[in-house]
Amino acid sequence: MRMALFIAFRYLRKRKRQNLLLLLAVVFGVTSFLAGSAIIGGWSDVVVGKTIDVSIGHIVVFPSSGKVYLENYTEIISKIKSLNSVEALSPRLEVESMIIYGEKVKALLVTGLEPETISKVLTIGENVVEGRFLKRGDRGVVVLGDSLADELNVSLNSKIEVVSPTGERIEVTVIGILDTGLHEIDTAAFYVVLDDAKSLLKKDVISNIIIRTNDYNRASTIAEELREKYGLNAKSWEELARPILEAIKVEGLYMNIISLLILMVSALGILNVLYMTVAEKTRDIGILKALGLDDRQIMLIFLINGFIVALIGAIIGCVSGTLVAWHFSTIELPEEVYGVDRIPAHLDPIFYFYSFVLALATAVSASLFPARRAAKLKPVEALRYVL
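Residues numbered from 1 in each chain as written. Predicted model: local features only at pLDDT ≥ 70, side-chain atom pairs only at ≥ 80, totals over all residues. Heavy atoms only, no water.

Engineer: Tell me about a nonpolar patch on the surface, and name the residues and values.
Structural biologist: A cluster of nonpolar residues, V250, L253, Y254, I257, L261 and M264, forms a patch on the protein surface that exposes about 590 Å² of accessible area. Along the chain, the position of Y254 falls in helix α10 (residues 242-280). Judged by its relative accessible area of 54%, Y254 is exposed. (Patch = residues over 30% accessible without salt bridge, like charges linked within 9 Å, V, L, I, M, F, W, Y side chains within 5 Å. Areas by Shrake-Rupley, 256 points an atom, 1.4 Å probe, with all protein chains shown as cover. Salt bridge = Lys/Arg side-chain N within 4 Å of Asp/Glu carboxyl O. Helix = DSSP H or I, 4+ residues; strand = E, 2+ residues; numbered from the N terminus. Buried < 20%, exposed > 50% of the residue type's maximum accessible area, 1.4 Å probe, protein only.)

Okay, structure coming up:
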């Protein structure tokens, strides 16, 4: 082993330029993989986190198939509260309506919320940029998204008329404008008190129940328990946010493919350089075999060559990848476009593990072919090159 290490290091020192290029290729591949994974992971945390905290909570209970509203919702709420894993819940009523402000008329979904419970399941109230959010005792008020407010040209204290499909009318006063950073919410959010939404229908019903659990990672299991135990149409955030999760997964896949292609280029470089080394060192290999080195030791010399290049490249790549990801997390973004001013770097330890495994596996695999060729050289044939 010591002899193989000694000779491998000598070969590395003699081909400095080629090995430096291979090292840079490995570094670039690992850097792109690690930084890309960290940025995609950070973006996933932001988007999924906002979606869960602002829009859907951990679990949502919908009406059963064929029904529009939950009618016996007080009984359903009691059943849900009986589960120890449920921390809080809040009823929500969505009514398709027409809103009228001056000469502007727009059809949208008016959402009725229960002020005293909504803050326990969603953080929507923390996104108010003007005025305030709904509170207990409010009636005839509305909080709407900033993009919708701009479209209607309304501001605080503006009075908007709401007309339901049945012809019921209420007038609400704007008390708050919010900016969640999620385009689909900011362009359509129109939040009124639950009792005002019920008055539009003249019915004591709700559309769904938002649930917050003690562990959002177990949301699917808890939703399944609600379905099996009480026959409720419960869906976890993973099911409701599936399109977003799939889009993020595809983005991550593309980034990983690019990184793997870079590592494959470095692998081809290692393969080429080691084949050239075998060709140039045929005489040396013959002498080493004549001196008693067996096939395994000869193979080990060239495998160590590739391994060392990959190991150093992986270490430097992990450091540079961390720095690149950190740098990206400090870049200020237009919040009106992305919904956040910065994308945090999600540097999961598993990313470092995968980076090392990919770099080492690629390099050692590429080194295996020239190493086997060197090991198969017969001393008599190799020593023909001595003279």
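Engineer: I'd like to hear about the pattern of salt bridges, residue by residue, with values.
Structural biologist: Scanning the model with the defined rule gives nine salt bridges in all. A salt bridge links E94 to R92; the shortest N-O distance between them is 3.8 Å. Judged by its relative accessible area of 26%, E94 falls in the partly exposed class. Across the pair K106 and E151 runs a salt bridge, and its minimum N-O distance is 3.3 Å. Placement of the pair is K106 in strand β3 (residues 104-113) and E151 in helix α5 (residues 146-152), with a sequence separation of 45 residues. Of the residues examined, K106 reaches a relative accessible area of 22% and is grouped as partly exposed.

Engineer: I'd like a rundown of the packing of helix α2 (residues 16-56) against helix α12 (residues 295-330), residues and numbers included.
Structural biologist: In contact at an axis separation of 7 Å, α2 and α12 are set at 40 degrees when each is read in the N-to-C sense. The orientation of α2 relative to α12 falls into the category oblique. The handedness of the crossing between α2 and α12 comes out as right-handed. Considered class by class, the residues forming the contact of α2 with α12 number 18 nonpolar, seven polar and no charged. (Axes fitted to C-alpha atoms, helices over the stretch in contact; angles between N-to-C directions. Parallel < 35°, antiparallel > 145°, perpendicular 65-115°, else oblique. Left-handed = near helix turned anticlockwise from the far one by under 90°. Nonpolar A, V, L, I, M, F, W, Y, C, P; charged D, E, K, R; others polar.)

Engineer: Any details on the layout of surface pockets? Residues and values, ideally.
Structural biologist: Approximately 490 Å³ is the volume found for the largest pocket. Taken together, 21 residues line the largest pocket, and the ones lying closest to its centre are S55, R92, E94, I185 and Y191. Per element, the largest residue contribution to the lining of the largest pocket is four residues, and it comes from α2. Its residues placed into classes, the lining of the largest pocket shows 15 nonpolar, three polar and three charged. Counted as a void, the second largest pocket has a volume near 310 Å³. Forming the boundary of the second largest pocket are 16 residues, of which S37, I40, G41, N256 and F351 lie nearest the centre. Broken down by secondary-structure element, the contributors of at least two residues to the lining of the second largest pocket are α2, α10 and α14 (349-376). It is α2 that provides the largest number of residues to the lining of the second largest pocket, a total of seven residues. Residue composition of the lining of the second largest pocket, by class: seven nonpolar, seven polar and two charged. (1 Å grid on protein atoms, 1.4 Å probe; cavity = no way out; pocket = protein on both sides within 12 Å on 5 of 7 lines; lining within 4 Å. Points joined across faces, edges and corners; volume = space filled by probe spheres on them.)

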